Each structure stands twice: as structure tokens, then as C-alpha cells.
Amino acid sequence: MVEAVLIDLFSLPANLQNNIQGLLHNTLETIEKCSSIHAPFVYVMCCQKQGSERKGEQEFLLPVLRGFQSLKRRLEVICAQTTAAALYTIKQRLDEKDLSIIKVILPTLRKELMKVYIDHLFTAVYQFEFEDLHMVSDSENLQISEPQHEGQTLPSQDMALIQSEIQMYLESLPSLRGELTILRSSLIPDDIFLHGFTTRTGGISYIPTLSSCNLFSSSKRRDPQVVVKENLRRLANAAGFNPEAFHRVKIDHANAVCIMGKTEPDNYDGIVTNQKGVTLGAPGADCIPVLFADPVRKACGAAHSGWKGTLLGVSMATVNAMVSEYGCNMKDILVVLGPSVGPCCYKLPHESAKEFHRIDPKCVRLFDSANPYIDIRRATRILLERGGILPENIQDDSITDQNQNITFCTACHPDKFYSHFRDGTNFGTQIGFISIKD
């Protein structure tokens, strides 16, 4: 069942008011007749000329809107200067109401163009169907400003213009939930390395569980890649790295490691480099983002360590890659564990808990229960120390000076961090990042 209807009047000239009023009246009449049981939310998208008042742009549509009482509370006119701005505003309205099945009624010549905007601003969570906007009998002279692209791929220059328009609009949006905040470790020397762990503040993601500096997009979440890219751009600007030279792990919850400059595996949870100016990133939303730095050989790495990756030894696999590829000495490598779910909150089924108990009984609390509490940080530290990393070269939540603590529990701090454990499937993601300074 269609949950929302978008009527695209954006490209129709405002001077042909009678034509537009007729188009809108007929369209709303059809919607009303077809939705006697459940009226959808209706959004009318139109162009606001630069410098004009929003109210003035809508004024000529009001007589038409007043006639549809059943739709009145579910009908809204969205005026904006660009298609990107109008469509993103409508997306916000859809997300507020958790709507995902949308019918778009639009001029035939706008269809291919609109599909490009939708591909950029929405994810696979949403379902779209398209219907032609039927012209009324007195609209023979109605001209549509967009070029004819129905049934064919848009020219590359048009695609580039759309991407530029979207990017410029997203860059103009204010940051949410305060300033962008980066946590830094005192263990990693800042004269050699640029590094940090992000929090959830300072981005543009507005959905509550993704707000605001979400740094991961997936087909199952409502944040599109363009929004994540803008959040990353803002992070890069604040931290001082080049977002075009940013490489994050491709999560598999295993222990494969990518060596920058060599053939890239399909999936990997660790990544290492000795190239200057290349920033490595590892996401985490309960899983541990782990950073590695060797100030002697000037090499670095990042790893994503969830409970499966921890048991498979992804952190030591990343260390071993630095040793074998760049000649690092185990005793020179510094390791920092970022914000992640703590043993205060994290539970696993008893069978999985047994594996952590084998590493060290202290990694499990209430071992005899059906779902014991697990300390994946302690397990990671123990495996690193057994592998040859010096205890004093590991920074985690076990440090005595709490002013230096950056390994906060993500589930315990909803104001600072995202948490899959706490927020469910539509969760946001923070990252740990590191690079060698030029």
C-alpha cells in the first residue's frame, strides 16, 4: 500500500497558474478517490524562485488545496530553490513518519532526472513507483523546462550537475547535536601521526539513531551514501586529512588484513600502510575500532574487532602484517582501543562465552548464566600481549588515569556514541582513523 505520494510540480512555470491548478486538482481528486480507506501523506514539490517569499510561491495553490478535506492534514507543499533541497526536505518528512513506500507523480520528461536524485538521496529501504502527471485539456501550451531524457540514461554532464547540486545543498546544512568532536590518544605521537576516534556529534544525519555524524551507509539504513560522504568531509576538514585518500576496512567479522598498495581482498577487517597522507579507518558501533602506530618504522594500521574478530585474532593479524610488510619491531608498535561496548553491557550466548573464558576467565562475568557478560577489550589486550605487544604500549579502559580514557562504553553513553546493542538495526557508526603525516 502506498504510504506517501509526491507530486512534482517543480519544473512547471508558475506563470501558468490555471494549468498548474488544474493539474493539481485532477491529481488530488484521483488520490482522494483511490484512498477512501487509508489516505496517504501527500507532498507537492514546487520551485521557489530565488529571493521570493515561500508563502507567495504557495499562494496560488491554496484554493485547490482547500477543496480536499480528507487529505488536508496529510498534505503539504514543499517549496525550495533546487530539486535537491525540495526532495531532501520531503525525505525528512517521510523519515519522521517512518514511511517507505512512495508514489511519485511527475511530468514524463522529469522521470529519468528524478530517478537520479532518488538514487543519490535514498537507499534500498524505500520503494518508489512512478506515474505520469496527466495534463489538463487547457494546457497545450504548457512547457516543461527539463530536457527530454525519458527512457534513456542522462548525459554525464547532467549527472555531474545533479551530484554537484546535491553536494552543495548538503554542505549548506547546519551541523546537528553540537560541534564535531574527536577523541585522541596520548599514546600516539601527534608529530608523526594524525589520528582520532569520532563521536556522534557535528554531522548532518537527522534520524535519531543515526544523528548526527554517522559514518557508514548501508542498504538497510536510511542514511544515503551522499550524507555519509558529507559527514566524512566535515570530519576530514576538522581533523586535517584528505577525504579522497581515505580507506576504510570492508567488514567481514574475520581476520583478513589489506596491505595498501597490494591486491585488495574482497573483505577485510584490518588494513595497514606506510604511505604518507593515506588515512585508514575502522568503524565501530560496539565493535572495537583499533588503531596501530609504529613511530620508528613510520607505519600504521586500523582494525575492526567485534566478538568474532576478537576470537579470530584480527588485532594480532594486523600487527603481524606491519611486522612482515614494513619490518616493524613488535616492541615499537603502539595500540589504542577506541570506544566500544563494555563488559557492563555486552552479553553473548553461553556457547560463545566459553571461547572468551578460554582466553581468560576474567573476560566473562556470570559465566554460568545463559547469556554471560563479555569483556572483548580485555580479551583483545590479552591476545596482543601474548603476541608480543608491550603492556605499556596498549591503551584501553584499564588505564589508571581516567582523564586519559578514550575507551568509553558505547552503550552507556547515548549522548556521545552510537550502539548497535542499544539502538537496534538502524544504528549509526563512528570510526577510528589514522594516517602518517606528510
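All values reported here derive from a predicted model rather than from experimental measurement.

(A) Examining the pattern of salt bridges more closely. As enumerated under the stated definition, the model contains 22 salt bridges in all. With its nearest N and O atoms 3.9 Å apart, the salt bridge here joins K103 to E129. Of this pair, K103 sits in strand β4 (residues 101-106) while E129 is found in strand β5 (residues 127-132), placing the two residues 26 residues apart along the sequence. Among the salt bridges present, the one from R358 reaches E355, with a minimum N-O distance of 2.4 Å. With R358 and E355 both in helix α10 (residues 350-359) and three residues apart, the pair spans about one turn of that helix. Overall, R358 belongs to the exposed group, its relative accessible area being 59%. Salt bridges sharing partners connect three or more residues here, namely K91, D95, D98 and R222.

(B) Spotlight on the state of the cysteines. On inspection of all chains with the given rule, the structure shows zero disulfides. C344 carries a free sulfur, and the closest cysteine sulfur to it, the one in C409, is 3.7 Å from it. In this structure C344 comes out as partly exposed when scored by relative accessible area, which is 44%.

(C) Molecular detail of the side chain of H195. Structurally, H195 is set in strand β7 (residues 193-198). Residues in contact with H195, not counting those within four places in the same chain, are I182, R184, S185, I188, L291, F433 and I434.

(D) A look at the packing of aromatic side chains. Within this structure, the stated rule accounts for eight aromatic pairs. A ring pair is formed by F241 and F246, whose centres lie 5.8 Å apart and whose planes are at 20°; its orientation type is stacked. Residue classification places F241 among the buried residues on the basis of a relative accessible area of 9%. Overall, the relative accessible area of 11% leaves F246 in the buried class. What links up through ring pairs into an aromatic cluster is the set Y88, Y169 and Y206.

(E) Molecular detail of unusual backbone geometry. For the bond from S211 to S212, the omega torsion is 5°, close enough to zero to count as cis. You will see that D98, though not glycine, has its phi angle at about 60°, which is positive. With respect to the element layout, D98 can be found in the loop between α4 (83-96) and β4. On the basis of relative accessible area, D98 is assigned to the exposed category, the value being 55%.

(F) Representation of the sheet that holds strand β1 (residues 4-8). In spatial order, the strands read β3-β2-β1-β4-β5; together these five strands make up an open sheet with parallel pairing. The sheet terminates laterally at β3 (75-80) and β5, the two strands that pair on one side only. The mean angle between the axes of side-by-side strands here comes to 20°, regardless of whether they run parallel or antiparallel.

(G) Region of interest: the environment of Q92. Tracing the sequence through the fold places Q92 in helix α4. Spatially, the C-alpha atoms of Q92 and Y206 are 8.0 Å apart, while their sequence positions differ by 114 residues.

(H) Region of interest: the pairing of strand β14 (residues 334-337). Judged by which residues are buried, β14 turns out to be covered on both faces: L334 and V336 on one side and V335 and L337 on the other are all buried. The pairing of strand β12 (residues 288-294) with β14 spans four bridges and is antiparallel. Looking at β14, one finds that L291 is bridged to V336. Summarising the sheet, β14 and strand β17 (residues 394-395) pair through two bridges and their orientation is parallel. Across the sheet, V335 pairs through a bridge with I394, a residue of β17.

(I) Looking closely at the packing of helix α5 (residues 111-121) against helix α6 (residues 156-172). Contact geometry for α5 and α6: axes closest at 11 Å, N-to-C directions at 45°. With respect to α6, the axis of α5 lies oblique. Every pair of crossing elements has a handedness; the one defined by α5 and α6 is right-handed. The segment α5 lies against α6, with L113, V116, Y117, H120 and L121 engaging M159, I162, Q163, E165 and I166. A class-by-class count of the residues in the contact of α5 with α6 yields seven nonpolar, two polar and one charged.

(J) Spatial organisation of the confidence of the model for the chain. For the chain, per-residue confidence averages 90 on the pLDDT scale, and residues scoring 70 or more make up 90% of the total. Contacts for the low-pLDDT stretch residues 136-150, under 50 throughout, to residues beyond four places or in other chains number 35 contacts.

What counts as what
- Residues numbered from 1 in each chain as written.
- Predicted model: local features only at pLDDT ≥ 70, side-chain atom pairs only at ≥ 80, totals over all residues.
- Heavy atoms only, no water.
- Salt bridge = Lys/Arg side-chain N within 4 Å of Asp/Glu carboxyl O.
- Helix = DSSP H or I, 4+ residues; strand = E, 2+ residues; numbered from the N terminus.
- Buried < 20%, exposed > 50% of the residue type's maximum accessible area, 1.4 Å probe, protein only.
- Disulfide = S-S within 2.5 Å.
- Contact = heavy atoms within 4.5 Å.
- Phe/Tyr/Trp six-rings, centres within 6.5 Å; stacked < 30°, edge-to-face > 60°.
- Pairing = 2+ DSSP bridges.
- Axes fitted to C-alpha atoms, helices over the stretch in contact; angles between N-to-C directions.
- Parallel < 35°, antiparallel > 145°, perpendicular 65-115°, else oblique.
- Left-handed = near helix turned anticlockwise from the far one by under 90°.
- Nonpolar A, V, L, I, M, F, W, Y, C, P; charged D, E, K, R; others polar.
- pLDDT = per-residue confidence, 0-100.

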